[in-house]
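Single-letter residue listing:
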Amino acid sequence: MITSLLKDTKEDIKKAAEIIASGGLVAFPTETVYGLGADALNADAVSKVYAAKGRPSDNPMIVHISSTDDIPKLTDEITADMKTLMDAFWPGPMTMIVNRKPIIPDVTTGGLDTVGIRMPDNETARLLIEMSGCPIAAPSANLSGKPSPTTYKHVVEDLEGRIDAIIMSGDCEVGIESTVIDMTGETPMILRPGGITKQMIEGTLGKEILLDPTLNKRPDLFNNNLKPKAPGMKYKHYAPEAKVVLYDGEPKEVLGAMQSEKKRLESEGKKVSLIFFDKGEDKKAAHELFARLRLADSENADFILVNTLAEEGLGFSVMNRMLKSAGYNIKKI
Ligand code: TXA
Ligand code: MG
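Below you will find a few notes about this structure. (Residues numbered from 1 in each chain as written. Chains lettered and ligands numbered in written order. Predicted model: local features only at pLDDT ≥ 70, side-chain atom pairs only at ≥ 80, totals over all residues. Heavy atoms only, no water.)

### Comments concerning the site of ligand 1
- Around ligand 1 sit 28 residues, and of these Thr-32, Asn-59, His-64, Ser-178 and Gly-232 come closest.
- Within the contact set of ligand 1, an oxygen atom lies 3.4 Å away from a backbone nitrogen or oxygen of Pro-231.
- A total of 680 Å² of accessible area belongs to ligand 1 in isolation, and the protein chains cover 97% of it.
- When atoms are counted within 2 Å of each cavity's grid points, the one that captures over half of ligand 1 is the largest pocket.
- Elements with a minimum of two residues in the shell around ligand 1: strand E4 (62-64), strand E6 (114-118) and strand E10 (189-192).
- Tallying contributions element by element places E6 first for the shell around ligand 1, with four residues.
- Classifying every residue of the shell around ligand 1 gives 14 nonpolar, nine polar and five charged. (Near = heavy atom within 4 Å. Polar contact = N/O pair within 3.5 Å; in protein donor to acceptor, adjacent residues only side chain to side chain. Areas by Shrake-Rupley, 256 points an atom, 1.4 Å probe, with all protein chains shown as cover. 1 Å grid on protein atoms, 1.4 Å probe; cavity = no way out; pocket = protein on both sides within 12 Å on 5 of 7 lines; lining within 4 Å. Sits in = over half its atoms within 2 Å of the grid points. Helix = DSSP H or I, 4+ residues; strand = E, 2+ residues; numbered from the N terminus. Nonpolar A, V, L, I, M, F, W, Y, C, P; charged D, E, K, R; others polar.)

### Topic: the pattern of salt bridges
- Counted under the stated rule, the structure contains 22 salt bridges.
- In this structure, Arg-294 and Asp-158 form a salt bridge, with 2.9 Å as the shortest nitrogen-oxygen distance. Of this pair, Arg-294 sits in helix H10 (residues 282-298) while Asp-158 sits in helix H7 (residues 152-159); the two residues are 136 residues apart in sequence, bridging distant segments of the chain. Asp-158 matches Arg-294 in its accessibility class, with the two residues each being buried.
- The partner of Glu-202 in a salt bridge is Lys-198, and the shortest N-O contact between them spans 3.1 Å. Highlighted residues: Glu-202 and Lys-198, both in helix H8 (residues 198-205), separated by four residues, approximately one helical turn.
- Its relative accessible area of 18% is what places Glu-202 among the buried residues. (Salt bridge = Lys/Arg side-chain N within 4 Å of Asp/Glu carboxyl O. Buried < 20%, exposed > 50% of the residue type's maximum accessible area, 1.4 Å probe, protein only.)

### What to know about H7
- If you check which residues of H7 are buried, you get His-154, Val-155, Val-156, Asp-158 and Leu-159.
- Turning to H7, the residues buried within the fold contact strand E1 (4-7), strand E2 (26-28), strand E3 (35-39), helix H2 (43-53), strand E8 (165-168) and H10.
- Downstream of H7 by one or two residues, Gly-161 has phi in the positive range, about 90°. (Contact = heavy atoms within 4.5 Å.)

### Considerations on the nonpolar core
- Core analysis: the largest hydrophobic core is formed by 52 residues, its most contacted members being Leu-36, Leu-85, Trp-90, Met-96, Ile-181 and Ile-201.
- Core analysis: the second largest hydrophobic core is formed by 24 residues, Ala-242, Phe-277, Ala-286 and Met-322 among them. (Core = buried A, V, L, I, M, F, W, Y, C linked by side-chain atoms within 4.5 Å.)

### Some details on the sheet that holds strand E13 (residues 272-275)
- Within the open sheet, the four strands sit side by side as E13-E14-E12-E15. Their pairing is parallel. Edge strands, defined here as strands with exactly one partner in the open sheet, are E13 and strand E15 (330-332). Each strand axis lies, on average, 25° off the axis of its neighbour in the sheet, ignoring direction.
- Pairing between strand E12 (residues 243-248) and E15: three bridges, direction parallel. Following the sheet pairing, Tyr-247 is matched in E15 by Lys-331.
- Relative to E12, helix H11 (residues 314-325) is tilted by about 130°, and along the sheet it contacts E12, strand E14 (303-307) and E15. (Pairing = 2+ DSSP bridges. Axes fitted to C-alpha atoms, helices over the stretch in contact; angles between N-to-C directions.)

### Observations concerning H11
- Between its first and last C-alpha, H11 extends 17 Å over 12 residues, near the 16 Å set by a 1.5 Å rise per residue.
- All of the buried residues along H11 are Leu-314, Gly-315, Phe-316, Ser-317, Val-318, Met-319, Asn-320, Arg-321, Met-322, Leu-323, Lys-324 and Ser-325.
- Where H11 ends, the next residue or the one after it, Gly-327, has phi of about 55°, a positive value. (Expected span 1.5 Å × (residues − 1).)

### Here's the deal with unusual backbone geometry
- Residue Pro-91 is reached from Trp-90 by a cis peptide bond, and omega for that bond is -5°.
- Of note in this structure, Asn-300 is not a glycine but carries a positive phi near 60°.
- In this fold, Asn-300 is placed in the loop between H10 and E14.
- Under the relative-accessibility criterion, Asn-300 is labelled exposed at 59%.
- Positive phi, normally seen in glycine, also occurs at Tyr-328, with a value near 65°.
- Counting through the fold element by element, Tyr-328 comes out in the loop between H11 and E15.
- Under the relative-accessibility criterion, Tyr-328 is labelled partly exposed at 21%.

### Focus on the packing of helix H4 (residues 80-89) against H8
- Contact geometry for H4 and H8: axes closest at 10 Å, N-to-C directions at 120°. Comparing their axes, H8 and H4 come out oblique. Once H4 is placed against H8, the crossing between them reads as right-handed. Counted together, Asp-81, Thr-84, Leu-85, Ala-88 and Phe-89 of H4 and Met-200, Ile-201, Thr-204 and Leu-205 of H8 form the full contact between these two elements.
- By residue class, the composition of the contact of H4 with H8 is six nonpolar, two polar and one charged. (Parallel < 35°, antiparallel > 145°, perpendicular 65-115°, else oblique. Left-handed = near helix turned anticlockwise from the far one by under 90°.)

### Examining the layout of surface pockets
- Considering only enclosed or pocket space, the largest pocket measures out at about 810 Å³ in volume.
- For the largest pocket, the lining is made up of 50 residues, of which Arg-55, Asn-59, Pro-60, Arg-192 and Gly-232 are closest to its centre.
- Mapped onto the lining of the largest pocket, the elements with two or more residues apiece are E4, strand E5 (94-99), helix H5 (106-109), E6, strand E9 (179-182) and E10.
- If you tally residues by element for the lining of the largest pocket, the top one is E6, at four residues.
- Among the residues making up the lining of the largest pocket, the classes are represented as 19 nonpolar, 19 polar and 12 charged. (Points joined across faces, edges and corners; volume = space filled by probe spheres on them.)

What follows is the structure, given as structure tokens:
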């Protein structure tokens, strides 16, 4: 398949919208990561997304909307908490899981009775949805298992020749995926931490919310049988080709340990990439992490050494990705 490379002009977004409306696949920018879009209500189109990514079919897709007017098409429920969160965080990096209407095909929701809805804060994305005339199902536009794409070039690397078009736009601002929050229970529960933190949500709702218990259980430390509620959270994820090792401890000592390990490995003829974020650089870490992992791969690194962040606020969300990309391989310094 020949993949058209489109610009983020109105004219080209219109072309992209026509491809979506006629059942094709288009990668497009959002403020979190690039998404691979298809008409969410067209089962054949959505099936092609799974095939292009090599994605397991039980992993549901997030449905993207351009206006809150689109919500009644997808669900009958708009609770007071949902309304409060929408007003505060949409458009933006927050996905709400709600009970779905039957019009949404099973392939889109991986057979679940619920659907994840998000209104992205990226004008190209919203214009694309609006011009397509349908809600757009979109996972991150990477091959399954790879770090999510935060530049259009990452998408070209993974998906050129596998999809109809890629919109070449700017780099994604947030850099990690949206916060997924389950709104179907009595108390909202975060299933995937992201750009909107637990503290921000609690501050807005004026009450405590829950975290999926699996988010605090590391498979290396706990022999547990807990199953995450977001099916995608159980898969191997964000894995570059190089082996990733996390370094945890006081920043100064950690940096020293990373540098001496780099020297040691290099003396054995290995290629090593260092990724170090200072205290307080959580935003920068979110913005850069995936791109740095991909860069190390493009430089044929054998090892990527990364320092941990404090697991608070946005740091908790970034650490969730770091731990997965390292296969939970942590060195305590
Ligand atoms: O920022 C984002 O969310 C990006 C951009 C493109 O919007 N999208 C994204 O999609 O990260 P994806 O498919 O890579 O991740 C979606 C996550 C998966 O872990 C999936 O299992 C979970 O959301 N999810 C989707 N629908 C769900 C549902 N109905 N119930 C539980 N989890 C759901
Ligand atoms: Mg993904």
